[in-house]
Number of protein chains: 2
Amino acid sequence: MSFNNEIDSVSILPLGGIGEIGKNMMVIEIDDEILIIDAGIKFPTDELYGVDYVIPDISYLLKNRDRIQGIALTHGHMDHIGALPYVLKKLGDVPIYGTKLTLGLLRGKLEEHNLLSDTYLRHVYPGHSVEIGSFDVEFIRVNHSLSDTCALAVHTPSGPIVYASDFKFDQTPVDGQMADIHRLAELGDEGVLALFSDSTNAEHEGFTRSEKEVGETIEKAFKDAEQKIIVASFASNFHRIQQVIDAAMQFNRKIALSGRSMLNNVDIAKDLGYLDIPEGILIDTNDVDKYPSDKVVLLTTGSQGEPMAALTRIARGDHYHISVGDGDTVLVSATAIPGNAKAVGHTINQLFERGADVIYEAITGVHVSGHASQEELKLMLNLTRPQYFFPVHGEYRHLHLHAKLAQEVGVPQENTFIPDLGDKVHLSKDRAYIEDSVRAGRILVDGLGVGDVGNVVLRDRRLLSENGILMVVVTIDNDGNILAGPDIITRGFVYVRESGDLINDATQKAEEALRECEEQGITEWSTLKSNIRDALDDYIYHRTKRNPMILPIIMEV
Amino acid sequence: MSFNNEIDSVSILPLGGIGEIGKNMMVIEIDDEILIIDAGIKFPTDELYGVDYVIPDISYLLKNRDRIQGIALTHGHMDHIGALPYVLKKLGDVPIYGTKLTLGLLRGKLEEHNLLSDTYLRHVYPGHSVEIGSFDVEFIRVNHSLSDTCALAVHTPSGPIVYASDFKFDQTPVDGQMADIHRLAELGDEGVLALFSDSTNAEHEGFTRSEKEVGETIEKAFKDAEQKIIVASFASNFHRIQQVIDAAMQFNRKIALSGRSMLNNVDIAKDLGYLDIPEGILIDTNDVDKYPSDKVVLLTTGSQGEPMAALTRIARGDHYHISVGDGDTVLVSATAIPGNAKAVGHTINQLFERGADVIYEAITGVHVSGHASQEELKLMLNLTRPQYFFPVHGEYRHLHLHAKLAQEVGVPQENTFIPDLGDKVHLSKDRAYIEDSVRAGRILVDGLGVGDVGNVVLRDRRLLSENGILMVVVTIDNDGNILAGPDIITRGFVYVRESGDLINDATQKAEEALRECEEQGITEWSTLKSNIRDALDDYIYHRTKRNPMILPIIMEV
């Protein structure tokens, strides 16, 4: 290791991924050097109307740009790499380190943002280490729903910091590549300073089942299927995709791929050797109809009920050339992420209505999680025997339950930390404490705008979504005489044909309010507007028990 | 029974509750008489922006008003009785039949709508029958999360129609009142013409656990609790509430009730004898602080993360006098209804953050469902041995799985029906077929408006919610000369302070569009508006990758 002074100062600083699932980003500092682990996005919750992504606030990194040595990536899921385009645009060219597949998936994202040629990407094999500035960073293979996922060990003078997010222990992995439990045990013997561990499934008892079990379900479904088979899966779960390919081979079916991310990802994984696709098995989606229905499989996106994804369109009956009907088999090989349950349920309803036999999450074995359950979390703790423990990658209840698990296996409560985002925690063999608190939080991305949507805009979108908008437009002259209007225009409020009286009466109320202002000699626009608003607010609520946004607009000629 | 001609014509007609969970309503016709079973609301899904409730379209009943004999109710949940105020306003005074508690809960709803005095309510004991017109309707006790729930047997010349929604079989019910499996078996021996059965849990294997198990979890939690206890539960689950009261007695704690529906419902159930509340155990919420924290329980609403419910406010820290902190115990004794998972999760996160020990659905035994699982559904089928089977109370996938269960226990596939809403199905011993299809569907209730929000309004609310609105206001004279504007005003689009340039440039684009119209002699408003809209649509999307609603407003002086 390159830091070797006994009084080296070590600290960690989470910028995302604590108290939330998504936008994972951790900062490790030793002396004056900064290492960043992961830079992910979070998908917006419902109350973030119209927001596309949420990314971490990196103000701290911008202020300390010259101390940053590099970014190390655990794996290629969007909640770990998705914010890199935004981060790199702000920070300039910071070198990036990850396994081959992680970087393969990242390349596409960087290309979309014209950042690929300017970014230094260095690939690291699982089981190997790399020097990033003075940091000695070791990549340790773990299992996950994405191949080539690693935990990272950052070696410090006080012992390694192990960052294990995301992971599970699959005792019978599809690709034969077990998590490197031997190395984790060695690190535990050496004396791990701190463990950061994946809390996603801290609510789940027992062990997460092996990906191989899904293979058995797929095989059985293929065996029973008499017509077309459609499999919907996450486009980055290459073990799952490989098992579909294997089943297709076994039952002599061709495979058509559908969905942009499915096509892109399969291309990347095939090129890099993470998928074994026999020659001639892939056919074009346009050619599906040229084969007998019992000779084809469609492998598609849409397992989350996304409105524009292929499976959703097939279920709705508006896919341009794939239909589904009596005798067809659909495997929805995924679980609905919270928030998507209704959309997924709706898609499954529609598929059943079209006569398909749908195998979905109500049926055991059609999906397994990529995250460790309670027994695996305890195993990770027992392997690494950390001095300090930080549950990460979870909402607060997951972190809290994970902290309790740590205490069950012997980590003292006072050595378990759930810092807030922005809390800089000093770590040494003697003690750990919050030494500082820096700016951290979320930045909203909407279209091309990064950070230009905030609470006011969101509040307005919420109000508009609930009861629409009612505009009162009036043109006045210099002296405040009304020249035209007031006219009332509404959107999202009420059927116009149902609202004739209501709008007429409301217009009259606006006129009265204006007349009163005139009589009282009020010409100040803000007062005119607030009088109109007050008069209509009351009136409209009384008549309809609704609260549309009321917006007076005054034009002066 | 009162119909006894061999050629009596029997048909059923679902107006709600098929292909959906909610707004249950079934019509049974024999000869010229109509019987209605249940009249429920459905809570709106996310895409129904701002809608409060969804109710069934009862056009068919309005047209056939004079043939309606009455409405029989299975139980008092809102998805079975909630639409009655709207239905009665349209149909006038139709007599209503239900068990004591069902009518008790209904009374409050009717009172809110000033309908109580004009409505004939007749209470029927479980195990008894009632004549409704010529219909002979038998109320048969079943188990459910609401006391006094019944299945209905409508006796026809071709055998009874059994309508069992909602139900479960609880072998150890809290109140000792088992479902009347003996009577169901007798009807099966007699020869049931058709069974309508609850499909809510058709995805769930095995048996639904007994409510008594929740009592054990509650007792254990009370035993372990060292400080204040807060229990959140559905306000109508009186068995659950009774078990909380019993535990409070056992551990010598006072109970404060919080939440309007909790207070109302407990009052009703106590008055009618469905809750046994020992003298002196209830205290006012305002007095909670007067007792030691290990001597009180707060029983509250908010188990679904509803924004204004007591538990949600306590978790947020803005309840007017109940706080929660280190050492307190919170039982969230419910499961999150799909769509509420995020809100419930958020509340639980906040409770953990405040230091409470939270016992919630990740922990077994804190809640059981009120609906039958697969083995109970098969038991109902085997008890009643129906000639025809209609799975009800479910989305399509639930209905489909339930139909498969029926086939497993021997109902021929051709005797299993999943009609669409509005399909009138003729039933006789010989055959069953769809004889007609009538208008049916959904009516949206928003505030006081019933049916005045439709697809256009919803589409606008969706657009507004995603990217807000951009208004372009311009005042012109008779000849089309611009007198004032164009001015651009936005809401929910972008931070104003971030958008200076954008709005200036967009204003210029609008001016250009208007000038072009002027040069081309275009004065027609619709063309002016569409030119402004086109110019801005492109420009705004190009600059921001967002699509606000663009609304040109022209005032003529």
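What you see as residue numbers is a count from 1 along each chain, following the sequence as written. Each chain gets a letter, beginning with A, and each ligand a number, beginning with 1, in the order they are written. Only residues with pLDDT of 70 or above have their local features reported here, since the model is predicted, and side-chain atom pairs are shown and tallied only from 80 upward, although totals for entire chains, interfaces and linings are computed over all residues. Where side-chain values are given, they derive from all heavy atoms of the structure, hydrogens and water being excluded.

**Q** Looking at this structure, I do not really get a negative patch on the surface. What am I missing?
**A** Like-charged residues are merged into a patch within 9 Å and nonpolar side chains (Val, Leu, Ile, Met, Phe, Trp, Tyr) within 5 Å, provided each residue has over 30% relative accessible area and no salt bridge. Note on areas: Shrake-Rupley with a 1.4 Å probe; residue coverage comes only from the protein chains shown. One side-chain nitrogen of Lys or Arg within 4 Å of one carboxyl oxygen of Asp or Glu is enough to make a salt bridge. Charge assignment: positive for Lys and Arg, negative for Asp and Glu; neither His nor the chain ends contribute. Note that the charge is assigned to NZ on lysines, CZ on arginines, CG on aspartates and CD on glutamates. Taken together, the side chains of Glu-511, Glu-512, Glu-516, Glu-518 and Glu-519 of chain A make up a negatively charged region of the molecular surface. Per-residue accessibility, obtained with a 1.4 Å probe over protein chains only, is compared with the maximum for each type, and a residue is labelled buried under 20%, exposed over 50%, and partly exposed between these values. Residue class for Glu-519 of chain A comes out exposed when judged on its relative accessible area of 66%.

**Q** Can you help me understand the environment of Ile-12 of chain B in this one?
**A** All names here are of chain B. Among the secondary structure elements, Ile-12 is positioned in strand β1 (residues 10–16). When its relative accessible area of 0% is taken as the criterion, Ile-12 is described as buried. Between the C-alpha atom of Ile-12 and that of Arg-461, which follows or precedes it by 449 residues, the distance is 37 Å. Counting from the N terminus, the helices are the DSSP runs of H or I reaching at least four residues and the strands are the DSSP runs of E reaching at least two.

**Q** For this particular structure, what's the right way to read the UniProt feature "binding site: Zn(2+) 1" (unreviewed entry) in chain A?
**A** Residue and element names in this part refer to chain A. UniProt positions are given in the numbering used here, feature names are shortened, and annotations may be inferred rather than shown by experiment. UniProt records the feature "binding site: Zn(2+) 1" (unreviewed entry) for His-75, His-77, His-80, His-144, Asp-166 and His-393 in the present numbering. Maximum C-alpha separation among the annotated residues is 13.9 Å over a sequence range of 319 residues, consistent with a single clustered spot. The subset of these annotated residues that lines the second largest cavity comprises His-144. Within the secondary structure, His-75 is located in the loop between β5 (68–72) and α2 (78–81). Here His-75 falls in the buried class, since its relative accessible area comes to 0%. Looking at His-75, its side chain comes within polar contact range of the side chain of His-77, at 3.3 Å. Looking at where His-393 falls in the secondary structure, it is placed in the loop between β19 (388–392) and α12 (396–408). Judged by its relative accessible area of 1%, His-393 falls in the buried class. Residues adjacent in sequence count toward polar contacts only when both atoms are side-chain atoms; beyond that, a polar contact is any pair of N or O atoms within 3.5 Å, and within protein one must be able to donate a hydrogen and the other to accept it. Within the structure, His-393 has its side chain in polar contact with the side chain of Asp-79 (distance 3.3 Å). Two kinds of site are reported from a 1 Å grid over the protein atoms alone, namely cavities, where a 1.4 Å probe fits but cannot get out, and pockets, open sets with protein on both sides within 12 Å along at least five of seven lines, and residues are called lining when an atom falls within 4 Å of a point.

**Q** What am I meant to see in the pattern of salt bridges here?
**A** For side chains bearing opposite charge, pairing can occur when the charged atoms are close. Residue and element names in this part refer to chain A. All chains considered together, the criterion is met by 48 salt bridges over all chains. When the shortest N-O distance is used, the salt bridge between Arg-183 and Glu-138 registers 2.4 Å. Pair noted here: Arg-183 is in helix α5 (residues 181–190) and Glu-138 is in strand β9 (residues 135–141), with a separation of 45 residues, a long-range link. Given the relative accessible area of 19%, Arg-183 is considered buried. Residue Glu-138 is classed as buried on the basis of its relative accessible area of 6%. In this structure, the salt-bridge partner of Arg-543 is Asp-505, at a minimum N-O distance of 2.9 Å. Highlighted residues: Arg-543 in helix α15 (residues 525–544) and Asp-505 in helix α14 (residues 500–519), separated in sequence by 38 residues. Asp-505 gets classed as partly exposed once you look at its relative accessible area, which sits at 27%. A single network of salt bridges, built from pairs that share partners, joins Glu-20, Lys-23 and Lys-42.

**Q** Can you help me understand the pairing of strand β5 (residues 68–72) of chain B in this one?
**A** Side-chain positions along a regular strand alternate between the two faces of the sheet. All names here are of chain B. The element β5 is largely enclosed, with a buried count of four among its five residues. Direction of pairing for strand β3 (residues 33–37) relative to β5: parallel, over a ladder of four bridges. Bridging from a neighbouring strand, Leu-35 pairs with Gly-70 of β5. Pairing between strands is defined by DSSP: at least two bridges between them are needed. Strand direction decides the pairing type here: β5 and strand β6 (residues 96–98), joined by two bridges, are parallel. Paired with Ile-71 across the bridge in β6 is Ile-96.

**Q** Can you help me understand the relation of the copies chain B and chain A in this one?
**A** What relates the pair of chain copies is a rotation about an axis plus a shift along that axis. After a rotation of 180° and a shift along the axis of 0.0 Å, chain B superposes on chain A with an RMSD of 0.0 Å. As the rotation angle and translation indicate, the two copies are arranged about a two-fold axis. Minimal C-alpha distance to the rotation axis in chain B is attained by Ser-465 of chain B, lying at 2.3 Å. Note on contacts: a residue pair qualifies if any of its non-hydrogen atoms lie within 4.5 Å across the two residues. Most of the interface of chain B is mirrored in chain A, where 100% of its interface residues are also at the interface. Each copy is superposed on the other by least squares, with the fit set by C-alpha atoms of residues at a pLDDT of at least 70 in both.

**Q** What is the right way to read the packing of helix α11 (residues 374–384) of chain B against helix α12 (residues 396–408) of chain B from this model?
**A** When two helices pack together, their arrangement is captured by the angle between the axes and the distance separating the axes. All names here are of chain B. Where α11 meets α12, the closest approach of the two axes is 10 Å, and the angle between their N-to-C directions is 55°. By the angle between their directions, the pair α11 and α12 is classed as oblique. In the packing of α11 onto α12, the handedness of the crossing is right-handed. Counted together, Gln-374, Leu-377, Lys-378 and Leu-381 of α11 and His-402, Leu-405, Ala-406 and Glu-408 of α12 form the full contact between these two elements. Note on residue categories: nonpolar means Ala, Val, Leu, Ile, Met, Phe, Trp, Tyr, Cys or Pro, charged means Asp, Glu, Lys or Arg, and polar means any other residue, Gly included. Of the residues belonging to the contact of α11 with α12, the class tally is four nonpolar, two polar and two charged. The convention used is that axes are lines fitted to C-alpha atoms, helices contributing only their stretch in contact, and that angles between N-to-C directions extend from 0 to 180 degrees. In what follows, roughly perpendicular refers to angles from 65 to 115 degrees, roughly parallel to angles under 35, roughly antiparallel to angles over 145, and oblique to any angle outside these ranges. Here a crossing is called left-handed whenever its near helix is offset anticlockwise from the far helix by less than a right angle, and right-handed whenever the offset is clockwise.

**Q** It is not clear to me how the interface of chain B and chain A should be interpreted in this structure. Could you clarify?
**A** Buried accessible area, meaning the area lost when the parts come together, often serves as the stated size of an interface. On the chain A side, the residues contacting the 68 residues of chain B number 68 residues. As a working definition, buried area equals the accessible area (1.4 Å probe) given up by two parts on being put together, with both sides summed. Summing the contributions of chain B and of chain A, the shared interface buries around 5,500 Å²; its carbon and sulfur component is 62%. There are four salt bridges connecting chain B and chain A. The partner of Lys-404 of chain B in a salt bridge is Asp-357 of chain A, with the nearest N and O atoms 3.7 Å apart. Linking chain B with chain A are 21 residue pairs in polar contact (both at pLDDT 80 or more). When residues of the side of chain B that touches chain A are traced back to their parent elements, those giving at least two are α10 (341–353), α12, α13 (455–467), β24 (469–476), β25 (482–491), α15 (525–544) and β26 (549–556) of chain B. Sorting elements by how many residues they give to the side of chain B that touches chain A places α13 of chain B first, with eight residues. Taken together, the residues of the side of chain B that touches chain A sort by class into 27 nonpolar, 20 polar and 21 charged.

**Q** What is the right way to look at helix α3 (residues 84–91) of chain A in this model?
**A** Note: α-helices contain 3.6 residues per turn, so residues at a spacing of three or four share the same orientation. All names here are of chain A. Taking burial as the measure, the eight residues of α3 include six buried ones, the bulk of the element. Listed as buried for α3 are Leu-84, Pro-85, Tyr-86, Val-87, Leu-88 and Leu-91. Phi turns positive, to about 80°, at Gly-92, one or two residues after α3.

**Q** What's the story with the domain arrangement of chain A in this structure? I'm lost.
**A** All domain edges in this entry derive from an automatic or database-based domain assignment. By the assigned domains, chain A splits into domain 1 (9–206 + 369–450), domain 2 (216–359) and domain 3 (455–556). Relative to domain 3 of chain A, the C-alpha centre of domain 2 of chain A lies at a distance of 52 Å.

**Q** Any chance you could explain the UniProt feature "binding site: Ca(2+)" (unreviewed entry) in chain A here in plain terms?
**A** Cross-referencing UniProt, the feature "binding site: Ca(2+)" (unreviewed entry) maps to Gly-50, Asp-52 and Asp-446 of chain A in the present numbering. Considering the C-alpha atoms alone, the annotated residues occupy 397 residues of sequence yet fold into one spot, their largest mutual distance being 6.9 Å. By secondary structure assignment, the location of Gly-50 of chain A is in the loop between β3 (33–37) and β4 (53–56). According to the relative accessible area criterion, Gly-50 of chain A is partly exposed, its value standing at 23%. Excluding anything up to four places from it in sequence, Gly-50 of chain A contacts Asp-446 and Arg-461 of chain A together with Ser-465 and Glu-466 of chain B. With residues near it in sequence (within four places) discarded, Asp-52 of chain A still touches Phe-43, Pro-44, Val-445, Asp-446 and Gly-447 of chain A.

**Q** Looking at this structure, I do not really get helix α4 (residues 100–112) of chain B. What am I missing?
**A** All names here are of chain B. Expected span of a helix: the number of residues minus one, times 1.5 Å. The terminal C-alpha atoms of α4 lie 19 Å apart, and with 13 residues this matches the ideal 18 Å at 1.5 Å per residue to within 8%. All buried positions along α4 are accounted for by Leu-101, Thr-102, Leu-103, Gly-104, Leu-105, Leu-106 and Leu-110. Note on α4: the residue one or two positions beyond its end, Asn-114, has a positive phi of about 55°.

**Q** Looking at this model, I keep getting lost on the confidence of the model for chain A. Mind explaining?
**A** Low-confidence regions, as indicated by low pLDDT, have predicted coordinates that should not be scrutinised in detail. The quantity called pLDDT is the predictor's confidence in a given residue, expressed from 0 to 100. On average, residues of chain A score 91 in pLDDT, and 98% of them are at 70 or above. Among the prediction metrics, the complex's ipTM stands at 0.85, with pTM recorded as 0.89.

**Q** Explain empty space enclosed by the protein here, please?
**A** Where empty space is left in the structure can be found by rolling a water-sized probe over the atoms. Grid points are joined across faces, edges and corners, and a volume is the space filled by probe spheres set on the points. This structure, assessed with the given rule, holds three cavities of 30 Å³ or more. Taken as a whole, the largest cavity holds about 150 Å³ of empty space. Lining the largest cavity are 22 residues; nearest its centre among them are Asn-143, His-144, Ser-145, Asp-170 and His-239 of chain B. Both of domain 1 (9–206 + 369–450) and domain 2 (216–359) of chain B provide at least three residues apiece to the lining of the largest cavity. Estimated volume of the second largest cavity: approximately 90 Å³. Around the second largest cavity, the lining comprises 15 residues; the ones closest to its centre are His-144, Lys-168, Asp-170, Glu-211 and His-239 of chain A. The class makeup of the residues in the lining of the second largest cavity is three nonpolar, seven polar and five charged. Per-domain counts for the lining of the second largest cavity show at least three residues from each of domain 1 (9–206 + 369–450) and domain 2 (216–359) of chain A.

**Q** Teacher, can you tell me more about a nonpolar patch on the surface here?
**A** Together, Leu-483 and Val-557 of chain A together with Leu-483 and Val-557 of chain B line one region of the surface with nonpolar side chains, adding up to about 250 Å² of accessible area. Within the element layout of this structure, Leu-483 of chain A appears in strand β25 (residues 482–491). For Leu-483 of chain A, a relative accessible area of 34% translates into the label partly exposed.

**Q** What is the right way to look at the sheet that holds strand β20 (residues 423–427) of chain A in this model?
**A** Working definition: the strands of a sheet are paired by backbone hydrogen bonds and lie parallel or antiparallel to each other. Residues and elements named next belong to chain A. Spatially, eight strands are ordered β7-β6-β5-β3-β2-β1-β20-β21 in an open sheet, and the strand pairing comes out mixed. Edge positions in the sheet fall to β7 (121–123) and β21 (432–437), since each has one partner strand and no second. Geometrically, the sheet is characterised by an average inter-axis angle of 25° between neighbouring strands, direction not taken into account. Bridge count for strand β6 (residues 96–98) against β7 is three bridges, and the pairing is parallel. Considered in β7, the bridge of Gly-98 is made with His-123. Packed onto the sheet, α3 meets β2 (25–30), β3, β5 and β6 and runs at close to 170° relative to β5.

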